[in-house]
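A closer look at the structure
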Amino acid sequence: MKLKIAVLSGDGIGPEIMKQGVAVLDAIAKKCNHTFEYEEALVGATAIDAVGDPYPEATHDVCMRADAVLFAAVGDLKYDNNPTAKVRPEQGLLAMRKKLGLFANVRPVATFDCLLHKSPLKDELLRGADFVVIRELTGGMYFGEKYQDNDKAYDTDIYTRPEIERILKVAFEMAMTRKKHLTVVDKANVLASSRLWRQIAKEMEPQYPEVTTDYMFIDNASMRVLTEPTFFDVVVTENTFGDILTDETSCITGSMGLQPSSSLGEHTPLFEPVHGSWPQAKGQNLANPLAQILSAAMLLEHFGLTAEGKLIREAVNASLDANVRTPEIQVEGGAKYGTKEVGAWIVDYIEKA
């Protein structure tokens, strides 16, 4: 297969982990006789510094020409520490989602048996947890009307029927491919927008009679993903709730450095790790590249290359079992491995498989 891949390394640790993700894709291409062509583009703080725009039109053109976007992270301390900044790196990610029509963020949450001890949760709660959170990406408070002065501010949490129907369709259809259990997370006891979500979900239920659909308020869901994670199979929710809920699930895997994701919609699909740019660690060879590498696996699987994705996952699992890990997940007394060393080990495993 031939794929054109837009490579958006972004800021902070982004270029370091992206290098490992691309190296793994190259190893797969060589082993399985595929051709992956890459085109790099600016995004985030690096794009602001270069052209004054966190998602320049030139970058959008690259993304639209590509079959897929492999993205790393955006964010920089000089913007984090300046609340008055008018242009921010994160605006680039929001603009990219909006312009590419990426309305469905798909985030798998699964445990690694050898890393259960790294989670603050008890092993017996975690073992066997395997679910997917689907977050709506282009609506809600993030994109609604905003206002701020010295005494008052508001963000409008607005959703339309078409926006809700299309994300629920993604969720119902994914549930059909898994355990046929869907949980719709909202705040319908308080918010009008949530009541519309629940109304539409109930209207769509009869179209998927094999799916068991239940409804859960966000406060209850936030508790139960940590106290009863094995209850869930597919979770769908709106933008703000999904942002918080998906970060919370990092407690289940033991590290945000292990969580990949995809964003799907009208144009080019995007694949990215869920962690941020960690600018404090930039250039120190500390960042965990596994989420970036697993995002590359999701990219391949999206195009039907399931065996290739499986090989990457096998290599990642083997690296963890062999204690080839970056510091935040290394066992006590284990050997020291950095971003480059972990990536090289996984590439070597793929080449020898």
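Residues numbered from 1 in each chain as written. Predicted model: local features only at pLDDT ≥ 70, side-chain atom pairs only at ≥ 80, totals over all residues. Heavy atoms only, no water.

1. Re the packing of helix H9 (residues 218-227) against helix H10 (residues 239-248)
Where H9 meets H10, the closest approach of the two axes is 10 Å, and the angle between their N-to-C directions is 15°. In terms of their interaxial angle, H9 and H10 are classed as roughly parallel. The chirality of how H9 crosses H10 is right-handed. Contacts between H9 and H10 involve Ile218, Ala221, Ser222, Val225 and Leu226 from the former and Phe241, Leu245 and Glu248 from the latter. In the contact of H9 with H10, the residues fall into 6 nonpolar, 1 polar and 1 charged. (Axes fitted to C-alpha atoms, helices over the stretch in contact; angles between N-to-C directions. Helix = DSSP H or I, 4+ residues; strand = E, 2+ residues; numbered from the N terminus. Parallel < 35°, antiparallel > 145°, perpendicular 65-115°, else oblique. Left-handed = near helix turned anticlockwise from the far one by under 90°. Contact = heavy atoms within 4.5 Å. Nonpolar A, V, L, I, M, F, W, Y, C, P; charged D, E, K, R; others polar.)

2. Here we look at the environment of valine 190
Tracing the backbone through its elements, the reader meets valine 190 in the loop between strand E8 (181-186) and helix H8 (192-204). Measuring from C-alpha to C-alpha, the distance between valine 190 and tyrosine 215 comes to 14 Å, with 25 residues separating the pair along the chain.

3. Concerning the side chain of histidine 275
The topology assignment puts histidine 275 in the loop between strand E12 (270-273) and helix H12 (290-302). With near-sequence residues (within four places) excluded, histidine 275 lies in contact with Ile13, Ile17, Ala73, Met256, Gly257, Asn288 and Ala291.

4. Comments concerning unusual backbone geometry
Leaving glycine out, the prevailing phi sign among residues is negative, and the prevailing peptide bond configuration is trans. At lysine 180, a position not held by glycine, the phi torsion is positive, near 60°. Mapped onto the secondary structure, lysine 180 falls in the loop between helix H7 (161-177) and E8. With relative accessibility at 29%, the residue lysine 180 sits in the partly exposed group. Residue tryptophan 278 is not a glycine yet carries a positive backbone phi of 40°. (Buried < 20%, exposed > 50% of the residue type's maximum accessible area, 1.4 Å probe, protein only.)

5. Topic: the pairing of strand E9 (residues 212-217)
Bridging between E8 and E9 involves 6 bridges; their strand directions are parallel. The residue bridging leucine 182 from the neighbouring strand is threonine 213, located in E9. As a crossover connection, the stretch from E8 through H8 into E9 is right-handed. (Pairing = 2+ DSSP bridges. Right-handed = clockwise from strand over helix to strand, strands pointing away.)

6. A few points about the layout of surface pockets
Reported here for the largest pocket is a volume of approximately 590 Å³. Listing elements by their share of the lining of the largest pocket, those giving two or more residues are strand E4 (102-110), strand E5 (130-136), H7, strand E11 (260-265), H12 and helix H13 (306-321). A per-class count over the lining of the largest pocket returns 14 nonpolar, 7 polar and 4 charged. Each pocket or cavity is described by its volume, and for the second largest pocket that value is around 470 Å³. Along its surface, the second largest pocket is lined by 26 residues, and Leu93, Arg97, Val274, His275 and Gly276 are the ones closest to its centre. Among the secondary structure elements, those contributing two or more residues to the lining of the second largest pocket are strand E3 (68-73), helix H5 (89-99), E4, H10 and E12. (1 Å grid on protein atoms, 1.4 Å probe; cavity = no way out; pocket = protein on both sides within 12 Å on 5 of 7 lines; lining within 4 Å. Points joined across faces, edges and corners; volume = space filled by probe spheres on them.)

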